[in-house]
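If you want the building blocks of each chain, they are given just below.
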Amino acid sequence: METKGVLSDGTKVAVKQLKAGSGQGEREFQAEIHIISRVHHRHLVSLLGYCIIGSQRFLVYDFVPNKTLEFHLHEKRRPVLEWRKRMKIALGAAKGLAYLHEDCNPKTIHRDVKAANILIDDSFEAKLADFGLAKSSLDTDTHVSTRIMGTFGYLAPEYASSGKLTDKSDVFSFGVVLLELITGRRPVDKSQPFADDDSIVDWAKPLMIQALNDGNFDGLVDPRLEDNFDISEMSRMVACAAASVRHSAKRRPKMSQIVRAFEGNISLDDLTEGVTPCHNTIYSLDDSSDYSSTRYKEDLKKFEKMAFESQTFASSECTGLTTSDNGQNPSGTSSSSIIIEGQHATQEIEPQRQ
Ligand SMILES: Nc1ncnc2c1ncn2[C@@H]1O[C@H](COP(=O)(O)OP(=O)(O)O)[C@@H](O)[C@H]1O
Ligand SMILES: [Mg+2]
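Remember, predicted model here, so these are calculated numbers, not experimental data.

*Asks:* Looking at this model, I keep getting lost on the overall build of the protein. Mind explaining?
*Replies:* In terms of regular secondary structure, the protein is built from 12 helices and 10 strands. The buried share of the protein, reckoned over its 354 residues, is 44%. Taking contacts inside the protein between residues at least 6 apart in sequence as the whole, the part at least 24 apart equals 69%.

*Asks:* Looking at this structure, I do not really get the packing of helix α3 (residues 83-103) against helix α9 (residues 255-262). What am I missing?
*Replies:* Between two packed helices, both the angle of their axes relative to each other and the distance between the axes serve to describe the pair. Running from N to C, α3 and α9 point in directions that differ by 150°, and their axes come no closer than 8 Å. Our classification of the angle between α3 and α9 gives roughly antiparallel. Crossing angle aside, the handedness with which α3 passes α9 is left-handed. Across the interface between the two elements, A90, L91, A94, K95, L97, A98, H101 and E102 from α3 touch M255, S256, I258, V259 and F262 from α9. Among the residues making up the contact of α3 with α9, the classes are represented as nine nonpolar, two polar and two charged.

*Asks:* When you look at α9 in this model, what are you seeing that I'm missing?
*Replies:* Residues that lie three or four places apart on an α-helix share one face, since the helix turns once every 3.6 residues. For α9, a buried count of six out of eight residues is recorded, marking the element as mostly surrounded by other parts of the structure. Against the buried residues of α9 lie α3, α6 (167-183) and α8 (231-244). One or two residues past the end of α9 sits G264, with phi positive at roughly 80°.

*Asks:* Hey, could you run me through the packing of α8 against α9 in this one?
*Replies:* It is at 9 Å that the axes of α8 and α9 come closest, and there the two elements cross at 165°. The angle between the axes of α8 and α9 places the two elements in the roughly antiparallel class. For the pair α8 and α9, the sense of crossing is right-handed. Only I258, A261 and F262 of α9 make contact with α8, whose side of the interface consists of R236, A239, C240 and S244. For the contact of α8 with α9, the per-class residue count stands at five nonpolar, one polar and one charged.

*Asks:* Help me understand helix α7 (residues 200-214) in this model?
*Replies:* Compared with the 21 Å implied by 1.5 Å per residue over 15 residues, the 21 Å span of α7 between its first and last C-alpha is a close match. For α7, every residue scored as buried is listed here: I200, V201, W203, A204, K205, L207, M208 and A211. Packed against the buried residues of α7 are α6 and α8. G215, located one to two residues past α7, shows a positive phi value of around 70°.

*Asks:* Is there a simple way to explain unusual backbone geometry in this structure?
*Replies:* Peptide bonds are, in most cases, trans, and in most cases residues other than glycine have a negative phi. Following N105, the chain continues to P106 via a peptide bond in cis, the omega torsion being 0°. Note that P106 resides in the loop between α3 and β5 (108-109). Even without being glycine, R111 reaches a positive phi, approximately 75°. Structurally, R111 can be placed in the loop between β5 and β6 (118-120). We classify R111 as buried; it has 26 C-beta atoms within 10 Å.

*Asks:* When you look at the nonpolar core in this model, what are you seeing that I'm missing?
*Replies:* Looking at soluble globular proteins, one finds that nonpolar side chains tend to be buried together. Counting residues in each nonpolar core, the largest one holds 80 residues, and the members touching the most others are A94, L178, C240 and A241. Excluding its chain neighbours within four sequence positions, the residues that come into contact with A94 are F174, M255, I258, V259 and F262.

*Asks:* Sorry, what's going on with the sheet that holds strand β4 (residues 56-62) here?
*Replies:* Sheet strands pair by backbone hydrogen bonding; their relative direction is either parallel or antiparallel. Within the open sheet, the four strands sit side by side as β1-β2-β4-β3. Their pairing is antiparallel. What marks the edges here is a single partner per strand, and that holds for β1 (2-6) and β3 (47-53). Each strand of the sheet is rotated relative to its neighbour by a mean of 25°, with strand direction disregarded. Direction of pairing for β3 relative to β4: antiparallel, over a ladder of six bridges. Opposite I52, over in β4, you have R57 as the bridge partner. Running at roughly 35° to β4, helix α1 (residues 23-36) makes contact with β2 (12-18), β3 and β4 of the sheet.

*Asks:* What is the right way to look at the pairing of β1 in this model?
*Replies:* Two faces belong to every sheet, and in a regular strand the side chains alternate between them. Bridge analysis of β1 against β2 gives five bridges, and the strand direction is antiparallel. Each residue of the ladder has a partner; that of K4, found in β2, is A14. In this antiparallel pair of consecutive strands, β1 and β2, the connection spans five residues, and G10 shows a positive phi of 95°.

*Asks:* Explanation requested: the pairing of β2 in the structure shown.
*Replies:* Examined bridge by bridge, β2 and β4 share six bridges and lie antiparallel to one another. Each residue of the ladder has a partner; that of K16, found in β4, is L59.

*Asks:* Would you take a moment to explain the environment of L59 for this structure?
*Replies:* Note on placement: L59 falls in strand β4. Under the C-beta neighbour-count criterion, L59 is labelled buried, with 25 such atoms within 10 Å. Along the primary structure L59 and L48 are separated by 11 residues, whereas in three dimensions their C-alpha atoms are 8.0 Å apart. What L59 contacts, discounting residues up to four positions off in sequence, is K16, F29, E32, L47 and Y50.

Calculation rules
Residues numbered from 1 in each chain as written. Chains lettered and ligands numbered in written order. Predicted model: local features only at pLDDT ≥ 70, side-chain atom pairs only at ≥ 80, totals over all residues. Helix = DSSP H or I, 4+ residues; strand = E, 2+ residues; numbered from the N terminus. Buried ≥ 20, exposed ≤ 12 C-beta atoms within 10 Å, placed from the backbone. Contact = placed C-beta atoms within 7 Å. Axes fitted to C-alpha atoms, helices over the stretch in contact; angles between N-to-C directions. Parallel < 35°, antiparallel > 145°, perpendicular 65-115°, else oblique. Left-handed = near helix turned anticlockwise from the far one by under 90°. Nonpolar A, V, L, I, M, F, W, Y, C, P; charged D, E, K, R; others polar. Expected span 1.5 Å × (residues − 1). Core = buried A, V, L, I, M, F, W, Y, C linked by C-beta atoms within 7 Å. Pairing = 2+ DSSP bridges.

This is the structure:
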């Protein structure tokens, strides 16, 4: 997706070329320029410039040297990603997202939060990337999206079913990233299915309740970590993940609350303060939303079916293969791969309205 380059002053850059002549490519190009040129934060990639040559579109970013979270967590034959680094990445990404949602002007929803869009630098600081799908919340306040955008496995239930977009859909996707950090598993993995559960979220829920209620993390935490993690940090991350993936968008915390929970500045009970009437049920997770877990599974199945039927879909998340496993680049995606391998798994579909 990206080529590495060097400017005449020695600055290292990443150049993304968007697929020429595709409407989706043009939309993503415009969105990235409009949004990312306005946002400046140490946990968001910086856009240095762009270039239009005929029908070709290029975006030029500050180069982030150490690949992505997806690479460090899931790529085969990688050393285990240490707990300390996982915490640092989670906190950095949370700060970047909190800034986008709450502090920048206009407030912005990313819409494609996932491990492959979290870049890592040499000191394992996280930088959120890929603003091709981002939307100003001004555009979304009164608007139900006609297209569902995002990545299978990370989509918030209300967004998958009705196209209703709020910052809380990013919070859900961020919760899925936290589950990856905790468990070391991919959100959708055909080679290692989640027993009867279709998603990492349904699989992890009872294990998170057990962990938070009686401190038993067995079966939940990435076995590769062995016992090399701090139990109170792990509890904090599990509590943040559990609150973030609630079915009810209203009951998910804001990103700034997640940042404070990570920093140990609010008690875990306060994670849901003001959004849940009943504090002692914080770890029950059984939120009484009219959107049931069964319904969510049905929506995801529909989404998956459409995704597989669509020619433009090329997702490692769905096949469980990585680009290096099959030696091929995904084809038909909105950008072309040149040097750095990326996995484009973003899908654009029409929602099914009942
Ligand atoms: N600033 C950057 N520095 C280094 N690598 C980058 C940078 N931006 C993107 N990449 C690499 O290119 C891949 C694809 O970039 P991304 O912006 O996510 O585009 P896409 O829309 O193709 O997913 C990323 O997963 C990452 O591996
Ligand atoms: Mg991407």
